[in-house]
Amino acid sequence: MNAVLDAILAGASGEELAAVPIPETYRAAVVRKDQAGMFEGLPSADKDPRKSLHVEEVAVPELAPDEAYVAVMASAINFNTVWTSIFEPMPTFQFLQRLGRESVWGRRHDRPYHVVGSDGAGVVLRVGSAVRLWKPGDRVVIHCNHVDDQDPSAHDDSMLAANQRIWGFETNFGGLADLTVVKANQLMPKPAHLTWEEAACNALCNSTAYRMLVGRNGAQMKQGDVVLVWGASGGLGGYAVQYVLNGGGTPVGVVSSPAKADLLRSLGCEAVIDRRAAGYRFWSDEHTQDPDEWRRFGKDIRALVGEDPNIVFEHPGRQTMGASVFVCARGGTVVTCAATTGYQIEYDNRHLWMKLKSIKSSHFANYKEAWEANRLLAQGRIQPVLSTTFPLEQVGEAAYQVHRNRHEGKIAVRCLAPADGLGIDDLALRERIGESRIGRFRSRAGGDT
Ligand code: NAP
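Here the residue numbers are simple positions, counted from 1 along each chain's written sequence. Residues qualify for local features only when their pLDDT is at least 70, as the model is predicted, and side-chain atom pairs are given and counted only at 80 or more; totals for whole chains, interfaces and linings, by contrast, use all residues. The basis for every side-chain value is the complete set of heavy atoms in the structure, and neither hydrogens nor water enter the calculation.

## Description of the site of the ligand
Item 1. Throughout, near means a residue has at least one heavy atom within 4 Å of the molecule or strand. The environment of the ligand is formed by 27 residues, the closest being Ser 256, Arg 275, Thr 340, Phe 364 and His 407.
Item 2. The term polar contact refers here to a pair of N or O atoms within 3.5 Å; inside protein, the definition further demands a hydrogen-donor-capable atom paired with an acceptor-capable atom, and it admits residues adjacent in sequence only when both atoms are side-chain atoms. Between Leu 236 and the ligand, the recorded distance is 2.8 Å, taken from a backbone N or O atom to an oxygen atom.
Item 3. In this structure, Lys 260 approaches the ligand through a side-chain N or O atom, which is 3.1 Å from an oxygen atom.
Item 4. Those elements giving two or more residues to the shell around the ligand turn out to be α4 (79–85), α7 (203–213) and α8 (235–246).
Item 5. Broken down by element, the residue count for the shell around the ligand peaks at three residues, all from α7. Helix and strand labels come from DSSP, where a helix needs a run of H or I of at least four residues and a strand needs a run of E of at least two; each type is numbered from the N terminus.

What follows is the structure, given as structure tokens:
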């Protein structure tokens, strides 16, 4: 990939890039099928992505007519890479096998290794014969909704498509690599004022938060809504808080340290709860929840904003869902996209039906929603929540940090980009938005640069 990188850094035109040969192999972060049982019997917390994620050369797959090769300048860690690397709740090779049975092109994905990663920013190198809107040289970000658009079920909301998959999690050839193969309908223009790593960290979490709160498929937040955001300085939460503020709502952010609370306040979120300092014990033991603790949490929210949350932005799952359903306002919505702390959920159904609350499920975003969320980034109305960047060789450490909840916002991974800070095309826009806003999460957290 050296020739490709040299050409990109030299500002090669699309025609020049199209003439640079595609190598036979590329560097990628993988988990191996023969290691899928390596953590059997260990508790989740002891399963270590640094042991299971490897950076190695893998073969470049053939390009299908509706796909593009993208030189990946930077990617990011998402929690799904943590799941893949600890082989929970199941090894992702099962997804690849199923995709492999689906079609001739799907067969390429079923390999003894899984190239992981569901975010990326880079440069288009080649497009397949059926690709119409993209060409070599285009600077892009990649969203992770992998959909077969020949399936009729994909043509209302593509997240409802029968064979909808998450790229780099349920498909192979993900973004934590120097090169990736994606469907052309995963491409979006790179926000011109951002660096490669700032551009690479958004699409998955930003689009997910957009659908959950703003798009017509989620909770459809309106002006004046109070929105309780769990993990409000994390990957999803950092975008959710911005959407609430942009949309005229009142965010109540929950975090677990004074430093995270400060970060949230600097973002404009005035109502902050430090769950660790408050010491909530929603579960008195493994099997029993404590409604008094739900009540205490609800009172703390009312003390801050004077009312109950119209929307609860849920993703921790088992540890918090009972409390989320309880504190949600009469007629309100708990919108959930995940269950980091356990997916067997328990809540008191009386609080749901008697007060006419709803639980709304949400998963990533369709192309239109991802495009809208990316457009808001490109306009400078939503900021990246990048805190730290690791080089690809340290991808295991980067995933470990997220697994152990030691990070804020997003951790990016430099793939081809030789240093941080490259890739800005619109310096004037960057200056108008301001470094302090764009780099808010970075300036608070550490980093390797
Ligand atoms: P993240 O960056 O790790 O943030 C999660 C936050 O959750 C942490 O910052 C932490 O904040 C909070 N948290 C952890 N344990 C908690 C607990 N016991 N109680 C309350 N809060 C807790 O991860 P993320 O990227 O935001 O993703 C969160 C989850 O959503 C993951 O499971 C991920 O797989 C999933 N996800 C799903 C989709 C989808 O499309 N379905 C998309 C993106 C992510 P504090 O410690 O500060 O409270």
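## Things to note about α7
Item 1. Where burial is concerned, most of α7 is hidden: eleven out of the eleven residues are buried.
Item 2. Among the residues of α7, Ala 203, Leu 204, Cys 205, Asn 206, Ser 207, Thr 208, Ala 209, Tyr 210, Arg 211, Met 212 and Leu 213 are the ones counted as buried. Only protein chains enter the calculation, and the probe is 1.4 Å; a residue is then buried if its accessible area is under 20% of its type maximum, exposed if over 50%, and partly exposed in between.

## Some words on the pattern of salt bridges
When the charged atoms of two side chains lie near each other, side chains of opposite charge can form a pair.
Item 1. A pair is scored as a salt bridge if a Lys or Arg side-chain nitrogen falls within 4 Å of a carboxyl oxygen belonging to Asp or Glu. One pass over the structure, following the stated rule, counts 26 salt bridges.
Item 2. With a shortest N-O distance of 3.0 Å, Arg 165 and Glu 102 are connected by a salt bridge. Here Glu 102 lies in helix α5 (residues 93–102) and Arg 165 lies in strand β8 (residues 165–166), a separation of 63 residues in the sequence.
Item 3. Where Lys 368 meets Glu 372, a salt bridge forms, and the shortest distance between an N and an O atom there is 3.1 Å. With Lys 368 and Glu 372 both in helix α14 (residues 367–378) and four residues apart, the pair spans about one turn of that helix.
Item 4. You can call Lys 368 exposed: its relative accessible area is 57%.
Item 5. Overall, the relative accessible area of 18% leaves Glu 372 in the buried class.
Item 6. Put simply, Arg 27, Asp 178 and Glu 393 are held in one network by salt bridges that share partners.

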